[in-house]
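# Observations on the model geometry
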Amino acid sequence: MGFEGIGASVRRKEDARFLSGRGHYTDDINRPGQLYAFIKRSDRPHARIASLQTAQAAAAPGVVAVFTGADMAADNVGGLPCGWQIHSKDGSPMAEPPHPVLAIGKVRHVGDPVAVVIAESRQAAKDAAELLEIEYDDLPAVATTLDALEPGAPTVHDEVAGNVCYDWHIGDKAMVDAAFARAAKVVKLELTNNRLVPNAMEPRAALGDFDTSSGDFTLYTTSQNPHVIRLLMGAFVLHIPENKLRVVAPDVGGGFGSKIYHYAEEAIVTWAAGKLRRPVKWTAERNESFMSDAHGRDHVSTAEMALDADGTFLALRVATIANMGAYLSTFAPCVPTYLYATLLAGVYKTPAIYAEVKAVFTNTVPVDAYRGAGRPEATYLLERLVDVIAHDTGMDRVEIRRKNFIPADAFPYQTPVALQYDSGNHEMTLKAALEAADFAGFEARRSAARAKGKLRGIGISTYLEACGIAPSAVVGSLGARAGLYEVANVKVHPTGSITVYTGTHSHGQGHETTFAQLISDQMGVPIDQIEVVHGDTSKIPFGMGTYGSRSLAVGGSAMVKAMDKIIAKGKKIAAHLMEAAVEDIEFDKGTFKVAGTDKSKTLTDISLAAYVPHNYPIEELEPGLDETAFYDPKNFTFPGGCHVCELEIDQETGVVELVNFVAVDDVGRVINPMIVEGQVQGGVAQGVGQALLESAIYDSNGQLLSGSFMDYTMPRANDLVNISVGTEITLCTHNPLGVKGCGEVGAIGSPPAVINAVVDALKEYGIRHLDMPATGAKLWQILQANRPKMAAE
């Protein structure tokens, strides 16, 4: 058996069951006597519910019950809570209008749930839903942030004047204004970060069960953080004590942030199971996912950079309008504030930054975190702005970055927007990426492509992100309504095998392998004797789940602390068994040794003694070898890197073809290089999708026009290219593993690299900027519009 610890490219343990069809997802779970729910959703973006008649639906074959918002309100069911509060510039709390589980009185976006039909089969429930008699009084709607802020615009919530959720800011405005006043040049850019639909491979599903003998509820759900769902749903929505509510998230087929939140369907099936005394299952159809899963991004921004005569950045000023959708999703308020504006320094030593963020309600699906969550938006703004600065000043785009980089010897580096970066080396990742992409040889390739009728461009993106959001005390002061620590329980069994229970959750990241490698490396146990358990609140101490690339940096660090406790106790047992002083016991690769002697005991010897304590220091130690640890980080971690994209545009069609993509990232210590490579490649694929293909589009009346795969274009294999992944390492200085996180870097660094390459390919057409997505149709229009000008010149 080869090396399996930290740094080994061990094949993923979980893939055998996934590839052979033995994964166990929520929709695979069926309970005796199970019923099926179908949710009737609004087809109106904004309307009063004038009448809702359920009698015909309730009388349909196979129907057991029909419930409405009025039924739930009568049973004291609360609204869906928001987990983060932001305060506006003037100190006032954000507007936080009610978010009913089923609509009461009004619907506020297409897809808003209005009623639920529960029947003996899914088809019977769906058929009966067509018999619901709903009369609407249509109301004017607003679909975009700019329309929502127009004077006299329709209000999404009567109690929220002007549709403004909050008007927030960060930074020293006076310092920034002074820098702009003395600047030799100011470069301004207006840009949009397009709205995205997450589209995880597995649609959301929920199964509620009620045990009539114990009064216990169980919810099986497609969630990234089951303990948070238990807390929010139990305490705020259904008022079920946590000891009577179990939440299980089995295998989850992708999340990308969209399965973090507490959704209405989870509360509906749990509540209905209690009312009907039978299990109730709901599984989304794909068209439902488009109008019920939280969307991502949707920022409209203006960015200005003040420069001196040599191109040094003096100050950055940013104004962003962020779309919240019709209601506040669980963590929506923090995405365009503390996960976005605090990252506007990026990799640059800009001495002064001021950002204003106005969050608005619209008649659209709620918006929340999507892979990267605020950091892609910040990176896209910065890296497009830097390329535009190079364009406007005539400076080289690589050299202007180098000139303004935070030097490697400046860490720890305090930014003007709250964060302090602990480590990094941006020149190192830039140099490695440019070499891997043969940046120096690009102009020859451009000329060769031109001879074949192709426009070739190359784009770079140098980025930094923040992961493992923390510490709890700090985020609490910033509005978080939960702690952000993590827990691990490590149990060494009598014969030396290990089970680790973690509060994080795996939905494609490979935790069962990576965490097993971590345990194997420290405890000296083969990974096939290590089991990783997650996703069940009845088995695991309270944990905070997986998002923000936190699992290894926070959850893995908790495991290290728990293993340290195991080893410390093991040393005491070993000292007793070998009649030595505890201080003389050393532990390495699964063996306890007396220093300077040939005396030793294996981990199995120690664990067996712990559980069969015939010769055991019973007065000093309790039996067993089972330890729990919590880890609350001291700071964020800060991965960074450089992405380089090379592409060609067909002059006749506008279609873009990627020809090369290089990603060099600093993610700290790498546990499994193969898994890191896969994570980065997957993130790049999503970033390419945003840059070239994807966009959730509403018409002016609030109707979702891109509500299926017929109209919403996802990246496919032939839209991509072999993605070259490299790593350069600077260690995180404040967690015991030195890790930073890799799950989101691909989606953060790639969109600006792609758009920068598109703009570079169009340089002879005089294009300074274009918004994502750079579709073939959009580029064809640019090419056609500029051809007469080109011919005349």
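Residues numbered from 1 in each chain as written. Predicted model: local features only at pLDDT ≥ 70, side-chain atom pairs only at ≥ 80, totals over all residues. Heavy atoms only, no water.

Attention now goes to unusual backbone geometry. Here the amide bond leading from F411 into P412 is cis, since omega sits at 0°, within 30 degrees of zero. Here P412 shows up in the loop between α11 (397-404) and β16 (413-414). Cis geometry is found at the peptide bond from M772 to P773, where omega equals -5°. A positive phi is found at R277, a non-glycine position, where the angle reads about 60°. Examined against the element boundaries, R277 turns out to sit in the loop between α8 (264-276) and β12 (280-283). (Helix = DSSP H or I, 4+ residues; strand = E, 2+ residues; numbered from the N terminus.)

Residues with a pLDDT of 70 or more make up 99% of the protein chain, whose mean pLDDT is 96. Low pLDDT (under 50) marks residues 788-793, which in the prediction has two contacts with non-local residues, meaning those over four places away or in another chain. (pLDDT = per-residue confidence, 0-100. Contact = heavy atoms within 4.5 Å.)

Per the counting criterion, the structure on display carries 16 aromatic pairs. Ring centres 6.1 Å apart and planes at 65° place the aromatic pair Y261 and Y263 in the edge-to-face group. Each member of the pair, Y261 together with Y263, is buried. A connected cluster of aromatic rings, assembled from ring pairs, spans Y413, Y421, F636 and F638. Here R204 stacks its cationic end above the ring of Y263, 3.6 Å away from the centre of that ring. Sitting over the ring of Y547, R550 keeps its end group 5.3 Å from the ring centre. (Phe/Tyr/Trp six-rings, centres within 6.5 Å; stacked < 30°, edge-to-face > 60°. Buried < 20%, exposed > 50% of the residue type's maximum accessible area, 1.4 Å probe, protein only. Lys NZ or Arg CZ within 6 Å of the ring centre and 35° of its normal.)

We now examine helix α18 (residues 673-692). Helix length check: α18 (20 residues) gives 28 Å between terminal C-alpha atoms against 28 Å at 1.5 Å per residue, within 8%. Within α18, 14 of the 20 residues are buried, leaving the element largely enclosed by the surrounding structure. Residue N672 occupies the N-cap position of α18, its side-chain oxygen lying 3.0 Å from the main-chain nitrogen of M674. (Expected span 1.5 Å × (residues − 1). Polar contact = N/O pair within 3.5 Å; in protein donor to acceptor, adjacent residues only side chain to side chain.)

What follows deals with the nonpolar core. Counting 134 residues, the largest nonpolar core has L344, L647, I649 and L762 as the members making the most contacts within it. When residues are assigned to domains, this core turns out to be shared by domain 1 (17-139 + 201-254 + 259-292) and domain 2 (299-469 + 635-785), each giving three or more. One finds V10, I527, A562 and F592 within the second-largest nonpolar core, a separate group that totals 46 residues. (Core = buried A, V, L, I, M, F, W, Y, C linked by side-chain atoms within 4.5 Å. Domains from an automatic or database assignment.)

On to the side chain of D112. Residue placement: D112 occurs in the loop between β4 (106-107) and β5 (113-119). Although D112 is buried, it makes no salt bridge; R108 carries the closest opposite charge, 5.6 Å away. At a separation of 2.8 Å, a polar atom in the side chain of D112 contacts the side chain of Y327. Contact partners of D112, with chain neighbours within four places excluded, come to K40, R41, S42, A103, K106, V107 and Y327. (Lys, Arg positive; Asp, Glu negative; His and termini not counted. Salt bridge = Lys/Arg side-chain N within 4 Å of Asp/Glu carboxyl O.)

Judged by pairing direction, the sheet is mixed, and its four strands sit side by side in the order β18-β26-β27-β28 without closing on themselves. Pairing within the sheet leaves two strands with one partner each, and these edge strands are β18 (454-464) and β28 (723-727). If you compare each strand with its neighbour and ignore which way they point, the axes differ by 10° on average. Taken together, the five bridges between strand β27 (residues 656-666) and β28 define a ladder with parallel strand orientation. Its bridge partner lying in β28, V664 is registered against G726. Strands in contact with helix α12 (residues 426-436) are β18, β26 (640-650) and β27; relative to β27, the strand with the most contacts, it is inclined by about 145°. (Pairing = 2+ DSSP bridges. Axes fitted to C-alpha atoms, helices over the stretch in contact; angles between N-to-C directions.)

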